[in-house]
Amino acid sequence: MLTENKFSKYLIYAIGEIVLVVIGILIALSINNWNEERIQKNEEQTIVKNIYTEHLQNKTIIKKRIEEAELCEAALKQLMNIIGKDEDYLKKQNVDSLLFIAFDPPIFRPSENTISGLIQSGRLDLLQNKELVNLIYSWGRTMKSLTDRTARFTTLIDNDIFPYLTKKYSYKDIDTYGPLNWKEKSNLKVNKLQIFKEIEFENLTDGFLYWMVDNKKLFIELDLLIDKILQETQYD
């Protein structure tokens with residue numbers, strides 16, 4: 001009986017020890033999970049703040065690009081309107097300035113370090129705000145479209161428009177309105193206004209205008225996306 005008593009006490013003691021160990025493990029796991037959640041929450045808050053800061057900068061940039069796109073579009077339309085006009089009329093227009101503005105299109109290069117890092121590392125699931133996640137995907141798709149279109153009109157400038165103007169027009173006269181800021185026009189005798197009688201110039205200008213209008217629409221779409229992203233990431 002004494003032996004049985006000792007065994008019973010030992011068994012109860014052993015079970016108690018096991019229960020205590022299990023409780024200890026559960027408490028440790030709970031603390032660890034809480035700590036992990038706290039770390040992830042802090043990381044998420046940091047990411048959200050970075051997204052907000054980046055897109056606040058992007059908002060300023062995109063507004064300037066939209067204004068530049070509108071100027072570029074207006075200059076291209078003005079060129080289209082004066083193509084085919086008589087020489088006396090053309091001489092009254094500031095053609096050099098129009099060409100400088102028309103064929104110097106704005107390019108939008110946003111700050112995307114935070115979003116790119118999230119996507120590339122596969123950590124987008126850190127964001128609990130699903131609306132923000134959807135906006136980030138929309139941003140990526142729209143930026144891809146813009147990049148593709150920018151590549152198209154850049155190719156059009158480099159491969160078609162610039163080679164055409166190189167043979168027909170004075171870059172020095174155009175650059176009077178650019179960073180070079182030439183004080184005198186070209187000394188070479190070239191009939192610059194001849195391009196306004198050529199269908200090739202009209203087609204090149206019309207094609208470039210098409211891509212510029214399309215690009216401006218994407219600028220506006222990105223501007224609206226930025227507003228929504230700022231709204232979802234705004235913090236006190």
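Residues numbered from 1 in each chain as written. Predicted model: local features only at pLDDT ≥ 70, side-chain atom pairs only at ≥ 80, totals over all residues. Heavy atoms only, no water.

1. Considering the overall build of the chain
Cut-off, in case you're wondering: To qualify as a helix, a DSSP run of H or I must reach at least 4 residues; to qualify as a strand, a run of E must reach at least 2; elements of each kind are numbered from the N terminus. Throughout, exposure labels follow a simple rule: accessible area from a 1.4 Å probe, protein chains only, divided by the maximum for the residue type, with under 20% read as buried, over 50% as exposed, and the rest as partly exposed. Pairs of residues are marked as contacts when any of their non-hydrogen atoms sit within 4.5 Å. Only the protein chains shown count as cover for residues, and all accessible areas are computed by the Shrake-Rupley method using a 1.4 Å probe.
What the chain contains, in helices and strands, is seven helices and zero strands. Order of helices (α) and strands (β) in the chain, N terminus to C terminus: α-α-α-α-α-α-α. Buried residues in the chain amount to 36% of all 236 residues. Contacts in the chain between residues far apart in sequence, at least 24 positions, make up 84% of those at least 6 positions apart. For the chain, the exposed surface amounts to about 15100 Å²; the carbon and sulfur share of it is 54%.

2. As for the environment of Glu221
Along the chain, Glu221 falls in helix H7 (residues 199-233). For the pair Glu221 and Trp139, spaced 82 residues apart in sequence, the C-alpha separation works out to 9.2 Å.

3. Let's talk about helix H4 (residues 113-121)
Applied cut-off: Working definition: the arc comes from the directions between the helix axis and the C-beta atoms, pointing outward to the latter.
Listed in full, the buried residues belonging to H4 are Thr114, Ile115 and Leu118. Across the axial projection of H4, the buried residues extend over an arc of 95 degrees, all falling on one side. Counted as exposed and oriented over 90 degrees from the buried face of H4: Asn113 and Gln120.

4. Some words on a nonpolar patch on the surface
What counts is decided by this rule: Patches were defined on residues exceeding 30% relative accessible area and lacking a salt bridge, with like-charge contacts within 9 Å and nonpolar side-chain contacts (Val, Leu, Ile, Met, Phe, Trp, Tyr) within 5 Å. Every case where a carboxyl oxygen of Asp or Glu lies within 4 Å of a side-chain nitrogen of Lys or Arg is listed as a salt bridge.
Among the surface-exposed residues, Ile15, Val19, Leu20, Ile23, Ile27 and Ile31 lie close enough to one another that they form a single nonpolar patch of about 540 Å² accessible area. On the secondary structure map, Ile23 appears in helix H1 (residues 2-82). A relative accessible area of 40% places Ile23 in the partly exposed class.

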